[in-house]
Amino acid sequence: MAHRALVRPIGLVPALCRPQHVSRPFSTVLDTPINPAAQQTPPPAPSSSVFHDAVQAAAPRTNWTKEEISELYNTPLINLTYAAATVHRRFHNPAAIQMCTLMNIKTGGCSEDCSYCAQSSRYNTGLKASKMVDVASVLEAARVAKENGSSRFCMGAAWRDMRGRKTNLKNVKEMVKGVRAMGMEACVTLGMIDAEQAKELKDAGLTAYNHNVDTSREHYPSVITTRTYDERLATINNVQNAGIHVCTGGILGLGEKPQDHVGLIHTVATLPSHPESFPVNALVPIKGTPLGESKAIAFDAILRTIATARLVLPTTIIRLAAGRHTMREEKQMMCFMAGANAVFTGEKMLTTACNGWEEDKAMFDRWGLRPMESHETIGGQQEIAEAKSEASIGEALTSAEQTTPASI
Ligand code: SF4
């Protein structure tokens, strides 16, 4: 009888026998009465207080130790991703994915020696260096990005730093103002900047500044020798002090070890405040660079890094960045389920391929995802709060003017 019940089409099961609001466990015979109490899957047993505290977190903390992060990173992946999904739902809407478009506003000819980069003048990658793109062309690209659903427009220039680049900075500020005037968030990545340059960009309305630390402090010297880890942190510090949101993350697949993923997360988790955005890139090997023949990083390492980052940086937007175009849709979805909630979308991502808008829209439709609105991001919420407080200051001043006697 049990066998017959198993093959009976579900539409013929008497209504009274059908479970209501209760999922049927795999292999349950449909005629067997369901005990709802037995249906509830308990959350994974916390393996330690570190794991338990991370899952229960109500706010971000910046005093993480490497040992604690390592413990999370080494949790069995099935439990780690479940925990990350739980925390993700507490701090973010899991259906909302931020769509950003990244444009190269100045290609190639960079003096740095980043071993993965097509734009370094030290490697023969066949990439032709070009001058900075004019402001009007950048704003036209931003308009197209907005039309296609992107809410953030990012502009990258292959420079070591901004020293002696006054005209370039002036043009970048025009671009930032133009993008902001369209109602989009604006992000730039221009290499190292000092406190004054950060302030100028903030005054122009810049939403976020990207400056990746790339990897752990320990592995960093095997990837880049022309600037130090601390120089990178100094730029991040200047950006944070200017009141601009920080976008900083890393690249996986640079020949690092798992502990370097822990080290990378530890660096950003112990900044004075967590970055607004943490990009996770998978190396796209470029022929002619020292890492041009590298093997692809295993997917489970990418997923583990994203899930750990979600637990450690609960309010941060985690950005699935370069290398996403090499991932099948199911893999991307696993990353979204484990806490990633931003993508780069458009025609190109700096010098590497990118998933196009149409492709992403179709994927979003299949899985019930939607583009994140600006007001849903921490940056957006902060801007709204700032605008409100400016408005209330304005109102207070106006009412004070109205009630102040003409002379005292
Ligand atoms: S990653 Fe940036 S700083 Fe490094 S070589 Fe490329 S463009 Fe220059």
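It should be noted that the structure appears before, not after, this text.
Residues numbered from 1 in each chain as written. Predicted model: local features only at pLDDT ≥ 70, side-chain atom pairs only at ≥ 80, totals over all residues.

S.K.: What is the right way to read the environment of A57 from this model?
M.R.: Tracing the sequence through the fold places A57 in the loop between α2 (49-56) and α3 (66-73). Between the C-alpha atom of A57 and that of F91, which follows or precedes it by 34 residues, the distance is 9.8 Å. In contact with A57, not counting residues within four places along its chain, are V87 and P314. (Helix = DSSP H or I, 4+ residues; strand = E, 2+ residues; numbered from the N terminus. Contact = placed C-beta atoms within 7 Å.)

S.K.: What is the right way to look at the site of the ligand in this model?
M.R.: Contacts to the ligand come from C110, E112, C114, C117, Q119, S120, A158, R160 and G191. Across the shell around the ligand, the residue classes break down as four nonpolar, three polar and two charged. (Near = placed C-beta within 6 Å. Nonpolar A, V, L, I, M, F, W, Y, C, P; charged D, E, K, R; others polar.)

S.K.: Quick question: what am I supposed to make of helix α6 (residues 166-181) here?
M.R.: Spacing of three or four residues puts side chains on the same side of an α-helix, whose turn is 3.6 residues. Look at α6: 23 Å from first C-alpha to last across 16 residues, which is about the 22 Å you get at 1.5 Å a residue. Listing the buried residues of α6 in full gives V172, M175, V176, G178 and V179. Buried residues of α6, viewed axially, fall in a sector of 165°; they line one side. Projecting away from the buried face of α6 at angles above 90 degrees are the exposed residues K166, T167, K170 and A181. Where α6 is buried, its residues contact α5 (135-147), β2 (152-157), β3 (185-189) and α7 (195-203). (Expected span 1.5 Å × (residues − 1). Buried ≥ 20, exposed ≤ 12 C-beta atoms within 10 Å, placed from the backbone. Arc of directions from axis to C-beta.)

S.K.: I tried to follow α5 on my own but got confused; where do I start?
M.R.: Taking 1.5 Å as the rise per residue, α5 with 13 residues should run 18 Å; its terminal C-alpha atoms sit 18 Å apart, in good agreement. Among the structural elements, β1 (96-106), β2 and α6 are those in contact with the buried residues of α5. A positive phi of about 105° marks G149, the residue just after α5.

S.K.: Explain the environment of M184 here, please?
M.R.: Counting through the fold element by element, M184 comes out in the loop between α6 and β3. Note: C-alpha distance between M184 and R152 (32 residues apart in sequence) is 5.4 Å. The residues contacting M184, other than those within four sequence positions of it, are A142, K146, S151, R152, F153 and V179.

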